[in-house]
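Residues per chain, in single letters:
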Amino acid sequence: MKVRIAVSLKPGVLDPQGRAIHHALEGLGFSGVGDVRAGRLIELEVDETVTDAALDEMCKKLLANMVIENYRVERIAQ
Amino acid sequence: MTFRGAVITFPGSNCDRDLAVGLEKVSGVPTIRVWHGDTDLPEKLDFIGIPGGFSYGDYLRSGAMAAKSPIMQAVIAAAGRGVPVFGVCNGFQVLTEAGLLPGALMRNAGLEFVCRTVPLRVENSQSLFTSGYETGQELRIPVAHHDGNYFADEATLDRLEGEGRVAFRYLDEVNGSQRRIAGILNEAGNVLGMMPHPERAIEDELGSSDGRALFESAIRSLVEA
């Protein structure tokens with residue numbers, strides 16, 4: 001089974017990379033984009049023994065930095 | 001008594017030799033080198049240095065992988081026993097990722113790698129790492145980093161300030177750090193992390209010798225203890 005983990009910056013944490021991407025989009029002539037936040041997508045291939053609690057722990061211990069980031073875990077049906 | 005200082009090397013560390021040599025020049029004793037995959041530290045250490053560089057290629061987040069390496073468990077235990085632990089640059093990132101220091105180091109606000117000598121102010125000269133300075137003293141120390149933008153929530157920042165745990169502050173805008181924080185101490189005062197490189201400023205030939213007193217302070221605090 002595939003698990004997709006989306007790691008994003010917490011609201012309120014300044015995202016200079018997102019801001020630079022926003023500038024670049026405007027430079028390319030795309031209008032109407034209010035804000036850009038850049039994050040990270042991590043995909044895991046896991047077997048049935050991996051529990052939601054274990055995934056949660058993986059995120060808290062390594063995949064996300066809880067000081068600045070939030071995460072969302074999504075199991076993808078094959 | 002003989003000073004025993006060690007420097008940890010991770011894959012991708014590139015300032016480990018600078019830190020080891022800096023410590024050696026000031027202490028007069030060879031620095032013990034420790035590999036990240038070791039599970040134990042040498043016995044009776046008086047100083048543990050976590051060097052700058054790009055440990056594990058900065059994969060995931062700067063310092064995140066190194067913080068989980070086998071030797072860091074031993075470093076965390078040693079820090080808990082009161083052994084002085086000093087992290088420079090990537091070493092500072094490793095210490096925050098390992099939970100030994102609060103906050104996080106994010107991409108520089110200007111997005112560019114910053115590599116220059118910057119003016120710093122000593123904010124607390126009472127710590128074992130800074131006793132050789134005067135509070136308010138201005139130093140010139142080089143920085144070289146991409147992820148030095150210190151972030152912590154307001155409550156944490158207020159606590160750091162209130163407890164005198166901001167050791168060094170930039171005098172200029174360098175990387176977008178909250179409250180221009182350049183280096184912080186842990187609650188017990190035996191762990192210091194900072195983005196600037198004092199090990200690159202220990203002799204006038206290097207452009208500045210302002211970093212030397214940091215190592216002298218740590219060594220002296222031990223001898224006097």
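Let us look at the structure shown here.

Criteria and cut-off values
Residues numbered from 1 in each chain as written. Chains lettered and ligands numbered in written order. Predicted model: local features only at pLDDT ≥ 70, side-chain atom pairs only at ≥ 80, totals over all residues. Helix = DSSP H or I, 4+ residues; strand = E, 2+ residues; numbered from the N terminus. Buried ≥ 20, exposed ≤ 12 C-beta atoms within 10 Å, placed from the backbone. Contact = placed C-beta atoms within 7 Å. Rg over C-alpha atoms; globule rule 2.2 N^0.38 Å. Core = buried A, V, L, I, M, F, W, Y, C linked by C-beta atoms within 7 Å. Pairing = 2+ DSSP bridges. Axes fitted to C-alpha atoms, helices over the stretch in contact; angles between N-to-C directions. Expected span 1.5 Å × (residues − 1).

## Here we look at the overall build of chain A
From N to C terminus, chain A includes 2 helices and 3 strands. For chain A, the N- to C-terminal ordering of α and β elements is β-α-β-α-β. Referenced to the eigenvectors of the C-alpha coordinate spread, the extents of chain A come out at roughly 50 × 30 × 15 Å. Counting all 78 residues of chain A, 9% fall into the buried class. Intrachain contacts of chain A at a sequence separation of at least 6 include 70% that bridge at least 24 residues.

## Some remarks on the overall build of chain B
The secondary structure content of chain B amounts to 6 helices and 11 strands. For 225 residues, the compact-globule estimate of 2.2 N^0.38 gives 17 Å, and chain B sits close to it at 16 Å. Viewed in the frame of its principal axes, chain B has a C-alpha envelope of about 40 × 40 × 35 Å. Relative to its full complement of 225 residues, chain B shows a buried share of 53%. Contacts spanning at least 24 positions in sequence make up 75% of the contacts within chain B whose residues lie at least 6 apart.

## Points about the nonpolar core
Counting residues in each nonpolar core, the largest one holds 70 residues, and the members touching the most others are Val85, Leu95, Ala167, Val191 and Met194 of chain B. With residues near it in sequence (within four places) discarded, Leu95 of chain B still touches Ile50, Gly87, Leu100, Leu101, Val191 and Gly193 of chain B.

## Overview of the sheet that holds strand E7 (residues 138-145) of chain B
Residues and elements named next belong to chain B. The strand order across the open sheet built from 9 strands is E2-E1-E3-E4-E11-E10-E9-E6-E7, with neighbouring strands paired in mixed fashion. Only two strands of the sheet have a single neighbouring strand rather than two, namely strand E2 (32-35) and E7. Ignoring which end each strand starts from, the neighbouring axes of this sheet average 25° apart. By the bridge criterion, 4 bridges tie strand E1 (residues 5-9) to E2 in an arrangement that is parallel. By the bridge assignment for E2, Val7 is matched with Arg33. Lying on the sheet, helix H3 (residues 70-80) is in contact with E1, E2, strand E3 (47-50), strand E4 (85-88) and strand E11 (191-194); it crosses E4 at an angle near 130°.

## Some words on the sheet that holds strand E1 (residues 2-9) of chain A
Each strand in a sheet pairs with its neighbour through backbone hydrogen bonds, running either in the same direction (parallel) or in the opposite one (antiparallel). All names here are of chain A. With antiparallel pairing, 3 strands are arranged side by side in an open sheet as E2-E1-E3. Edge positions in the sheet fall to strand E2 (40-45) and strand E3 (69-76), since each of these pairs with one other strand and no more. The mean angle between the axes of side-by-side strands here comes to 20°, regardless of whether they run parallel or antiparallel. Bridge analysis of E1 against E3 gives 8 bridges, and the strand direction is antiparallel. Along E3, the bridge assignment pairs Arg4 with Glu74.

## Looking at the environment of Arg37 of chain A
All names here are of chain A. Among the structural elements, Arg37 can be located in the loop between helix H1 (16-27) and E2. With 15 C-beta atoms counted inside 10 Å, the residue Arg37 sits in the partly exposed group. Along the sequence, Arg37 and Ser8 sit 29 residues apart, while their C-alpha atoms lie 7.7 Å from each other. Residue contacts for Arg37: discarding those within four places in its chain leaves Ser8, Leu9, Asp15 and Gly18.

## Observations concerning helix H1 (residues 16-27) of chain B
All names here are of chain B. With 12 residues, H1 ought to run about 16 Å at 1.5 Å a step, and its terminal C-alpha atoms sit 16 Å apart, in line with that. Inspection of H1 places Asp16, Asp18, Leu19, Ala20, Gly22, Leu23, Val26 and Ser27 among the buried residues, and these make up the whole buried set. Just downstream of H1 lies Gly28, where phi reads positive at about 75°.

## Observations regarding the pairing of E7 of chain B
Looking down a regular strand, the side chains alternate between one sheet face and the other. Residue and element names in this part refer to chain B. The two faces of E7 differ: Leu139, Ile141, Val143 and His145 on one face are buried, but Glu138, Arg140, Pro142 and Ala144 on the other face are not. Two strands pair when backbone bridges link them, and strand E6 (residues 114-122) and E7 are joined in this way by 8 bridges, in the antiparallel orientation. Within the sheet, the bridge partner assigned to Leu120 lies in E7 and is Leu139.

## Points about the environment of Arg116 of chain B
All names here are of chain B. Relative to the helices and strands, Arg116 resides in strand E6. The exposed category is assigned to Arg116, around which 9 C-beta atoms lie within 10 Å. Apart from the residues lying within four places of it in its own chain, the contact partners of Arg116 are Pro142 and Val143.

## Quick notes on unusual backbone geometry
Residues and elements named next belong to chain B. Located in the positive-phi region is Leu111, a residue other than glycine, with phi close to 65°. For Leu111, the position within the fold is in the loop between strand E5 (104-106) and E6. Classification of Leu111 by C-beta neighbours within 10 Å gives partly exposed; the count is 13. For Arg179, which is not glycine, the phi torsion reads 55° and is therefore positive. Along the polypeptide, Arg179 turns up in the loop between strand E9 (166-170) and strand E10 (181-185).

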